[in-house]
Amino acid sequence: FKTHRHVLSVMPTGTGKTHVSAAMMQMRRLAGLSTLFVVHRDILAVQTYDRLKADGLEPGVFTGPMKARLDSPVVVASVQSISRNHSRKPEFLHRFQRIVLDEAHRGEMDKIFALKLPEQEVLGQTASPLRGYGNGLGRFYQHMHLALTYTQALDLKAIVPPQIYAPVKPDMSSVKVVKGTDGDADFKQEPAAAAMGLVTASGLQFWKEKFGTLRTLAFCVNVAHALETESKMKELGIKCCVITGGTPKET
């Protein structure tokens, strides 16, 4: 930040981006400097708020359902809450010397650059500094800092070495890619779920043979695919449930 106002930091999933930010924000707080941590959904703001509290910070939080300690030197906010309230209270965003954008590759984070003051610093955090529709991040950031690679993280024993088993390859050639309301590109829900059918069947059979006695978390390509996977698992007599972004926090 001595030479660049907007910096993109790249760290692989699971290597501690939020903890790195917590350490940085703690140092800034002790030096009398303010930081705003922006996430792309309300539920993530609440989760991040809890994590920063556990890391010894006393953050504020600004989301649709939750507002507290907004005058704190460290505040966690959702991009939607900032956008909705900015015309009435621009001073909220403008009082922070540095803004951290979590999952900075997401399209909705572009709004912050349009609303912030020119002198405000931005630290973008991401594990994937690419966008599906080819619109790069270089127009926002002057420097990309590759803080850690997966190989380095494995060498440090910071993450668990993966064991990879590859089932059949899906044919996605006929599945259209569309741009969502948040600006990100993704496969269309139902066709993508249908194309993943062979993979789901092959993967479930392999899982049942090798790991069927273990508690398992399965990541699916979208909600439609998750529901289809749940249906197939129940056909096999496997007890399971689906968790999506719409699942209540208590559940």
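Criteria and cut-off values
- Residues numbered from 1 in each chain as written.
- Predicted model: local features only at pLDDT ≥ 70, side-chain atom pairs only at ≥ 80, totals over all residues.
- Heavy atoms only, no water.
- Helix = DSSP H or I, 4+ residues; strand = E, 2+ residues; numbered from the N terminus.
- Contact = heavy atoms within 4.5 Å.
- Core = buried A, V, L, I, M, F, W, Y, C linked by side-chain atoms within 4.5 Å.
- Buried < 20%, exposed > 50% of the residue type's maximum accessible area, 1.4 Å probe, protein only.
- Pairing = 2+ DSSP bridges.
- Patch = residues over 30% accessible without salt bridge, like charges linked within 9 Å, V, L, I, M, F, W, Y side chains within 5 Å.
- Areas by Shrake-Rupley, 256 points an atom, 1.4 Å probe, with all protein chains shown as cover.
- Salt bridge = Lys/Arg side-chain N within 4 Å of Asp/Glu carboxyl O.
- Lys, Arg positive; Asp, Glu negative; His and termini not counted.
- Charge placed at Lys NZ, Arg CZ, Asp CG, Glu CD.
- Axes fitted to C-alpha atoms, helices over the stretch in contact; angles between N-to-C directions.
- Parallel < 35°, antiparallel > 145°, perpendicular 65-115°, else oblique.
- Left-handed = near helix turned anticlockwise from the far one by under 90°.

Observations regarding the environment of R5
Logical step 1: By the element assignment, R5 lies in the segment before β1 (6–10).
Logical step 2: Distance in space between the C-alpha atoms of R5 and G64 is 29 Å, their sequence separation being 59 residues.
Logical step 3: Setting aside residues up to four positions removed in sequence, R5 forms contacts with P118, E119, Q120, E121, V122 and Q142.

Some points on the nonpolar core
The nonpolar side chains of soluble globular proteins are, as a tendency, buried together.
Logical step 1: One finds L36, V38, I82, F92, L101 and Y141 to be the most contacted residues of the largest nonpolar core, which totals 21 residues.
Logical step 2: Looking at this core, the elements that each hand over two or more residues are β2 (35–39), β5 (74–78), α3 (79–85), α4 (90–94), β6 (98–101) and α5 (110–115).
Logical step 3: Setting aside residues up to four positions removed in sequence, F92 forms contacts with L36, F62, L70, V75, A77 and I82.
Logical step 4: Core analysis: the next-biggest nonpolar cluster, separate from the first, contains 12 residues, A22, M25, A45 and V74 among them.

A look at the pairing of β2
Logical step 1: Within β2, 5 of the 5 residues are buried, which leaves it mostly tucked inside the rest of the structure.
Logical step 2: Alternating positions in β2 separate into two faces, T35, F37 and V39 on one and L36 and V38 on the other, with burial throughout.
Logical step 3: Pairing analysis gives 5 bridges linking β2 to β5, with the strands arranged parallel. The partner of L36 across the bridge, within β5, is V75.

Considerations on a positive patch on the surface
Logical step 1: The grouping of K67, R84, R88 and K89 at the surface amounts to a positive patch.
Logical step 2: Within the element layout of this structure, K67 appears in strand β4 (residues 67–68).

Digging into the packing of helix α8 (residues 197–211) against helix α9 (residues 223–235)
Geometry of a packed helix pair, given as the angle between the helix axes and the separation of the axes.
Logical step 1: Relative orientation of the contacting elements α8 and α9 amounts to 45 degrees, with a least axis distance of 11 Å. Viewed along their axes, α8 and α9 adopt a mutual orientation that is oblique. The interaxial crossing formed by α8 with α9 has right-handed handedness. Residues G197, T200, L204 and W207 of α8 form the contact with α9, whose participating residues are H225, E228, T229, K232 and M233.

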